[in-house]
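Working through the structure, step by step
The lines below spell out each chain.
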Amino acid sequence: MLLDDDKQKYPILISLHKSGSTWINSFIHKRYRGIGATLPPRNQYTEFFCKNRGENEKHKFVQRTNKERIALLEQLRTFGLELNLKAHVSQIIPIWPWFKEFYKDYDILVCKRRNIFSHWINLLFFFCIYEATNNVSEIYTEERTTGIIPTKIRTEYDEDILKSTIQQYKVQFKFNEKCFRDFVLHIRFLNDVIIKELDNPQVIWTEDLDHAWLENRFHVTVKKTVEPFKTFDFATYFKPEDMTIIKEKFEERFFNEFQFFGYEYK
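The following paragraphs examine the structure supplied in this document. Just so it is clear, the structure is predicted and the values come from calculations on it, not from any experiment.

1. Description of the sheet that holds strand β3 (residues 107-112)
Strands belonging to one sheet form pairs held by backbone hydrogen bonds; the direction of such a pair is parallel or antiparallel. The four strands lie next to each other as β2-β1-β3-β6, forming an open sheet whose pairing is parallel. Strand pairing shows two members of the sheet lacking a second neighbour, β2 (86-88) and β6 (202-205), which therefore form its edges. Geometrically, the sheet is characterised by an average inter-axis angle of 30° between neighbouring strands, direction not taken into account. In this fold helix α2 (residues 21-35) packs onto β1 (11-15), β2 and β3, with an angle of close to 165° to the strand it touches most, β1.

Listed below in structure tokens is the structure:
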């Protein structure tokens, strides 16, 4: 078993989706290359408990249950190895009792987006796209795999690809009750359960971070990482009448709940 001092060498990132976790984890992933074990730097793997939206179902990793994935983490630890992963709130709720005990005394960071309305619009924007594509984000052929819903800049073509997907699938951007219920549930679980039940995790706000801070925090040098989109204003894709509904629903929760968690209506 690892000593408590050893456990503090291993950062574990917890966040909601669309909180900058891919960007932050690119620094943590590099740190683990020197101290632990890593998987290929794709969400299919780094979001270790992700159900992958039904994509690439023939892949052996995708077919593994949470129980089997937990067994792998536990087995690696018997070899003195810790695995880099991103822990998204929606994915760890079902295994929370195990998770908080397994990572007790580790260097846990909880990342939140202070500008919570922007966070919600970002999530809803991509929810609408996934709904239109029937949860398909990649097209597989014998020659290659093509992503049709890039969520950040990895190549110079990603913004154009996403715009093309929106046009091709005639995406309708509207309020979705289930998506909002899930968002509220995950915000509550993050603040009322995860932060309170963990032993003094470091809570960070995405808006306060930059490249230099992340390099210093994780003791790595990273030359290139992912970037947010530069030409997208997600809110403009919603019609005024739909945005009115979105804001009414959001404001009821913000003024009665979210603001008390430290979030801002931006």
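2. With respect to the nonpolar core
One broad rule of soluble globular proteins: the nonpolar side chains tend to lie buried together. Formed by 83 residues in total, the largest nonpolar core has its most connected members in Ile14, Trp120, Phe125 and Ile194. By residue number, the principal contributor to this core is helix α8 (residues 116-132), which donates 11 residues. Leave out the neighbours within four places in its chain, and Ile194 touches Ile14, Val89, Ile92, Trp96, Val110 and Phe189.

3. Observations regarding the packing of α2 against helix α11 (residues 211-218)
Packing of α2 against α11 leaves a shortest axis separation of 10 Å and a crossing angle of 30°. By the angle class used here, α2 and α11 are roughly parallel. The handedness of the crossing between α2 and α11 comes out as right-handed. Across from Trp23, Ile24, Phe27, Ile28 and Arg31 in α2, the residues of α11 making contact are His211, Leu214, Glu215 and Phe218. Residue composition of the contact of α2 with α11, grouped by class: six nonpolar, one polar and two charged.

Rules and cut-offs
Residues numbered from 1 in each chain as written. Predicted model: local features only at pLDDT ≥ 70, side-chain atom pairs only at ≥ 80, totals over all residues. Heavy atoms only, no water. Pairing = 2+ DSSP bridges. Helix = DSSP H or I, 4+ residues; strand = E, 2+ residues; numbered from the N terminus. Axes fitted to C-alpha atoms, helices over the stretch in contact; angles between N-to-C directions. Contact = heavy atoms within 4.5 Å. Core = buried A, V, L, I, M, F, W, Y, C linked by side-chain atoms within 4.5 Å. Buried < 20%, exposed > 50% of the residue type's maximum accessible area, 1.4 Å probe, protein only. Parallel < 35°, antiparallel > 145°, perpendicular 65-115°, else oblique. Left-handed = near helix turned anticlockwise from the far one by under 90°. Nonpolar A, V, L, I, M, F, W, Y, C, P; charged D, E, K, R; others polar.

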